[in-house]
Amino acid sequence: MGKIYLQMYSFMDGTMNDSRENLRLAAEMGYDGVELFGPLLAIPAEELKSLLDEYHLEPISMHAPTSDMVEQLIPLANALDMKFIGIGMETMLNDDAVHTFAGKLNRLGKACAENGLTLTYHNHTQEFLPCEDKKVIDILMEETDPEYVSFELDAGWCATAGFDPLALVEQYSGRIKLIHVKESDRVIGPQQPIDFGSVPKDEKGMPVLPEELKRQMEEMDKTNCAAGKGLVDWKTLKETADRHGCQAYIVEREYAPEGKRLEYLQADLDYYRTQI
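Residues numbered from 1 in each chain as written. Predicted model: local features only at pLDDT ≥ 70, side-chain atom pairs only at ≥ 80, totals over all residues. Heavy atoms only, no water.

Student: How do you make sense of helix α3 (residues 70-79) when you look at a structure like this?
Tutor: Residue pairs spaced three or four apart in an α-helix point in one direction, given the helix's 3.6 residues per turn. Within α3 the residues assigned to the buried category are Val 70, Leu 73, Ile 74, Leu 76 and Ala 77. Looking at the residues trailing α3, positive phi occurs at Asp 81, about 60°. (Buried < 20%, exposed > 50% of the residue type's maximum accessible area, 1.4 Å probe, protein only. Helix = DSSP H or I, 4+ residues; strand = E, 2+ residues; numbered from the N terminus.)

Student: Would you explain the pairing of strand β10 (residues 248-251) in this entry?
Tutor: By the alternation rule, side chains of β10 split into Ala 248 and Ile 250 and Tyr 249 and Val 251, which are all buried. Note: strand β1 (residues 5-7) against β10, two bridges, orientation parallel. Opposite Leu 6, over in β10, you have Val 251 as the bridge partner. Relative to β10, strand β9 (residues 176-181) is paired through four bridges, and the arrangement is parallel. By the bridge assignment, Val 181 is partnered in β10 with Val 251. (Pairing = 2+ DSSP bridges.)

Student: I'm lost on the packing of aromatic side chains in this one. Help?
Tutor: Two numbers describe a pair of aromatic rings. These are the distance of the centres and the angle of the planes. According to the stated counting rule, one finds five aromatic pairs in the structure shown. Seen in terms of ring centroids, Phe 101 and Tyr 121 are 5.2 Å apart; in terms of plane orientation they differ by 70°. Their pairing is edge-to-face. Of this pair, Phe 101 sits in helix α4 (residues 95-113) while Tyr 121 sits in strand β5 (residues 118-122); the two residues are 20 residues apart in sequence, bridging distant segments of the chain. Each member of the pair, Phe 101 as well as Tyr 121, is classed as buried. Ring centres of Phe 128 and Phe 163 lie 5.1 Å apart, and the angle between their planes is 20°; on these two criteria the pair is classed as stacked. Here the residue Phe 128 occupies a position in the loop between β5 and β6 (130-131), and Phe 163 occupies one in the loop between α6 (155-161) and α7 (165-171), the gap between them amounting to 35 residues. Judged by relative accessible area, Phe 163 falls into the partly exposed class, the value being 32%. Three or more aromatic residues joined by ring pairs form one cluster here, namely Trp 234, Tyr 271 and Tyr 272. (Phe/Tyr/Trp six-rings, centres within 6.5 Å; stacked < 30°, edge-to-face > 60°.)

Student: So what exactly am I meant to see when it comes to the state of the cysteines here?
Tutor: Here a disulfide denotes a covalent bond joining the sulfur atom of one cysteine to the sulfur atom of another. For the structure shown, the criterion picks out zero disulfides. Cysteine Cys 131 shares no disulfide, and the gap to the nearest cysteine sulfur, in Cys 158, comes to 17 Å. When its relative accessible area of 0% is taken as the criterion, Cys 131 is described as buried. Here Cys 158 stays unpaired: no disulfide links it, and the sulfur of Cys 246, its closest cysteine neighbor, is 13 Å away. (Disulfide = S-S within 2.5 Å.)

Student: Help me out: how do you make sense of unusual backbone geometry in this one?
Tutor: Comment: phi is negative for the bulk of residues other than glycine, and the bulk of peptide bonds are trans. Here His 56, not a glycine, exhibits a phi torsion of approximately 55°, which is positive. Among the secondary structure elements, His 56 is positioned in the loop between α2 (45-54) and β3 (58-64). The class of His 56 is exposed, set by a relative accessible area of 68%. Its identity as a non-glycine residue notwithstanding, Glu 132 has a phi of 55°, on the positive side. For Glu 132, the position within the fold is in the loop between β6 and β7 (134-135).

In structure tokens:
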């Protein structure tokens, strides 16, 4: 049985805002380790390492809040003995932006490699949009150096976009080092990227989304159904991904009915222990 990690974004339901307590909860549920996100990155490195050691949680990776912050987070990743540092999403509004971002990934990946880290890029559904005569994900794979850039396949978003994560793992053998274990119960198709830079902000600097966009995003999140009820065959994906170089499997939950987030995260772990 392999280790199962938890992406700490999974606690972001608006009610569980104590980052230190969320680490304790992850350990109490039985997760082997975590992928760090957001507020946790503000905890001083020495304290964060102490908390992870206390709860026996392996910090496999972290998501930088933006691609521009990757290099400044390298010292924290090294202090925590991480293997990976990731970019959770990049807004690419046109084909030129895709090519430009591929070049940026190469530069950042080289900087990470020089410091003993592997850079990963995590997909949503937008990476399955057309780019010239291919898909965005194809351009990113083909124009980045495997020595410096790897990928974190979000299998749930891949399935939501209407594509087979198993086929992607086989097509790009050796490039996918991490997999987000996330259920999706239906195909919606690739969604257009959101230009958050043009979205108005509130007094706290948070984006104020139009109601229609907010509704669309909520519907996307709700494709994240209960464990075992989705489109992905996890046993087959795990067996195949292992053969093609995947090193870790990380549960991420976007949605749970109100008040049931912890119940769903526990059910996720219990089910995936039988699959992964």
